Every structure is written in C-alpha cells, then in structure tokens.
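Analysis of the macromolecular model
Single-letter residue listing:
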Amino acid sequence: MVLKDNHGRAINYLRLAVTDRCNLRCFYCMPEEGIDWLSRKDLMTYEEMMRACSLLVKMGIQKIRITGGEPFVRKDIMSLLEGLAGLQGLDELTVTTNGVVTAPLVPDLKKLGIKSVNLSLDTLDRNRFFAITHRDELPAVMETMDQLLRHGIEVKINAVVMEGKNIGDIIPLVELTKDLPVSVRFIEEMPFNGGDKHYTNLTWDHVQILKTIKDRFPAIEKIKDPAYSTSYNYNIPGHKGSVGIIAAYTRSFCGTCNRIRITPQGILKTCLYDAGVFNVKDLMRQSCNDEELAASFLIALGKRTKDGWEAEQQRNLLTGTHESMAAIGG
Ligand code: SAM
Ligand code: SF4
C-alpha cells in the first residue's frame, strides 16, 4: 500500500521519538539545566508505540527510525526494538543515538537486524565535546562508533555546524572518511534548542559548509543521492567514506519529504517545523479503534503543508519560544 499526502508525496518513513530525556546537554538542542521533562503518564507506552507503528506499517510505512531524546536512556528500550524488528512489512529499522551508553548494546542491535545507525558527533576534540554537550563522554561515543563498525553496521555521523563552536572541526571530521567507511553528514543548525535563542539567518548554511570543505579538498565530487535523501552527498577520491550536507534550516528537500514524526508524548507531526497535528496517544486512550486511528492519520496527511516554511509560518515559530529537538525527535 502506498501512503500519499495532499501534494502527491509518498509517505513511507516514520521517526518515532521514545523519550525526551537525555544524558547529554547539547548546546543546540537543550539548555544545560535540561527541559521540563515529560511525566511518565504523558509518555507513550511501548504498547501504544507498537500499536501505532503496526498500523502505520500496514498503511504504507516501510522505515522506522527510533530517536529521542536519547533512545537508550529509556528503560527496556531493547524490548521495543525487538517488537518493531518483528513487524511484518517493515523494511528498515534504524536508530539515532548520541552513543554514550550504546556500545555494549551493539551486538544486540546487530542480532535484531539493524543495518544502519546514525551517531551524533560534532567534534573529535574532548574539550570541545565537553563545551558543546556539557558532559565528558567523547571516549564512550568513539567506542560506540568502533563497535558499530566492527559489527558491520553502517555508521552515519551527524554533526551540527555551529558558529563559534565547532567550525574548526569540519575538516577533522571530513578526514575521518579517509580511512573509515563512515558517512559524515554536516547539519545546518535549526532553531530547536529548547530556549529562546533564535535567529532569522544562518551564517553556516550548506553553501558555506561545502565551500569550507572544497577549499581543503578541491577534488571532492558529487555522488548520487539515495531516494528521499535529505543530504547532498559527496566523495573525496581515495576516501573510504563519504560526506553529506543536510540543509535542515534552508529546507531545500521539502519537495520530496517522505517522513512523519511521532513525539514522545504521542503528537503526530507531518513536518518538523509544524506545531503538531493530533495526539495519537490521547486518541488511543479515548478507546478509538484502528479504523478511527487510521482515518485520523489519513486526514492529517491530507492537509500537510507544502514545505517547512509554510509550516513554520503557520506556527509563527520565529516569534515564539523554541521547542527542544529532544521533545520533537530530531
Ligand atoms: N540523542 C540522539 C542523538 O543526539 O543522536 C537522538 C536525538 S537528537 C535530537 C537527533 C539529532 O538531532 C542529532 O543528530 C542532533 O545532532 C540533531 N539536532 C538536535 N538539535 C538540533 C538543532 N538545533 N539543529 C540541528 N540538528 C539538531
Ligand atoms: Fe541529547 Fe541528542 Fe539533544 Fe544532544 S542532540 S541533547 S544527545 S537529544
């Protein structure tokens, strides 16, 4: 079954955020003191997540990414992953993690058939890692990367590019691709930091990031982007890995956007920049049946905004206080 939105875009990818809690405090995601954490009763239970996912897979979702907050700080997360891995019709199950407590779980991820993991890593320098995340956890993250590669799991590194924080890390991160078969993806910083800092233009956009890489590696060449890719992908001749740039703030990929999100409290977002369409968990707790739930998903997809700019305009994001990415599910 093919699920489509009102603009004719196929919708086959769900990003499910399982918690808003985290063991890091990345500067661009949440304040050092954290955010107002959701209470347990406001979180979707694993049973509710399984019900929503199994229905969405029947409706046409083929890929699910588990994210958060940090997914591996939620108790018994492996049982949810196990359940999802067994869903008939789901082609791909993936995870985005900061890698702090992930290394010992890598063999189990491999057993579940997880083929690719996104690992967030903004710097290879321990002091700067501390300055960005407020925690001294770089060795644990590097251990996770090592374990993933040893187990033959594809590693995509997500690095948010931040003026004044890690510009000097762009080239060292690109250099990682020389000997390691990793894809290093640089992400434009988005205004989802859980505080009131916001901006109307971005110095380090995808053009500036690519220019910086090209100045150092003039032989860099464009490679084909996979279907629905949000990154522009490149290879440097002789390097084992690849480099990607995600124009997350510029939003140049909305025309082919195939994804929806469910936040930790169960809010369906049909665009990262929207305010949420309806609460899946609340509907389930009001005893709706699967037909009614499916109908609500279809209604939501039938009024999806054209792009992130329209969604943001509707939400008037630029004048409000910004959510944390951990509460949305990055
Ligand atoms: N805790 C996990 C992690 O960090 O990988 C998963 C959740 S995190 C919110 C998912 C992704 O969102 C991370 O790669 C992170 O770098 C990215 N992210 C968070 N806040 C962001 C922001 N303000 N702009 C761009 N990317 C952001
Ligand atoms: Fe935590 Fe991920 Fe947000 Fe960093 S980006 S604070 S690791 S949820």
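See the structure printed just above.
Residues numbered from 1 in each chain as written. Chains lettered and ligands numbered in written order. Predicted model: local features only at pLDDT ≥ 70, side-chain atom pairs only at ≥ 80, totals over all residues. Heavy atoms only, no water.

**Examining the site of ligand 1**
Put simply, the rule is: In this text, near means that some heavy atom of the residue lies within 4 Å of the molecule or strand in question. As used in this structure description, the phrase polar contact means that two N or O atoms lie within 3.5 Å; if the pair is within protein, one of them must be able to donate a hydrogen and the other to accept it, and residues adjacent in sequence are counted only when both atoms belong to side chains. Every accessible area reported is derived by Shrake-Rupley at a probe size of 1.4 Å, with residue values counting cover from the shown protein chains alone. A run of H or I in DSSP counts as a helix once it spans at least four residues, and a run of E counts as a strand once it spans at least two, with each numbered from the N terminus. Amino acids outside the nonpolar list (Ala, Val, Leu, Ile, Met, Phe, Trp, Tyr, Cys, Pro) and the charged list (Asp, Glu, Lys, Arg) are all regarded as polar, and Gly is one of them.
Around ligand 1 sit 19 residues in total, of which Tyr28, Gly69, Thr97, Ser120 and Met190 are the nearest. Between an oxygen atom of ligand 1 and a side-chain N or O atom of Ser120, the distance comes to 2.5 Å. Taking Asn158, its side chain carries an N or O atom lying 3.1 Å from an oxygen atom of ligand 1. Computed on the free molecule, ligand 1 has an accessible area of 540 Å², of which 96% lies beneath the protein chains in the complex. Every element with two or more residues in the shell around ligand 1 is listed here: strand E3 (92-97), strand E5 (154-161) and strand E6 (183-188). The class makeup of the residues in the shell around ligand 1 is seven nonpolar, nine polar and three charged.

**Side note on the site of ligand 2**
Taken together, Cys22, Leu24, Cys26, Tyr28, Cys29, Met30, Gly69, Asn98 and Ala326 form the complete shell of residues around ligand 2. Across the shell around ligand 2, the residue classes break down as seven nonpolar, two polar and no charged.

**Side note on the packing of aromatic side chains**
Test applied: Put simply, two rings from Phe, Tyr or Trp (the six-membered ring, in Trp's case) pair if the centres are within 6.5 Å, and we call them stacked under 30 degrees between planes, edge-to-face over 60, tilted for the rest. Note on exposure labels: buried denotes an accessible area under 20% of the residue type's maximum, exposed denotes more than 50%, and partly exposed covers the range between, all computed with a 1.4 Å probe on protein chains only. Charges are assigned to positions over rings by a cutoff of 6 Å between ring centre and Lys NZ or Arg CZ, combined with an angular limit of 35 degrees from the ring normal.
Enumeration according to the criterion identifies three aromatic pairs in this entry. Ring centres of Tyr249 and Trp309 lie 6.0 Å apart, and the angle between their planes is 80 degrees; this geometry places the pair in the edge-to-face category. Placement of Tyr249 in the loop between strand E9 (242-246) and strand E10 (259-262) and of Trp309 in helix H10 (residues 308-315) is noted, with a sequence separation of 60 residues between them. What makes Tyr249 buried here is its relative accessible area of 7%. By relative accessible area, which is 38% here, Trp309 ends up partly exposed. Between Lys222 and the ring centre of Tyr234, over which it is positioned, the NZ or CZ distance is 5.4 Å. Its guanidinium or amino end placed over the ring of Tyr273, Arg251 lies 3.7 Å from that ring's centre, counting from NZ or CZ.

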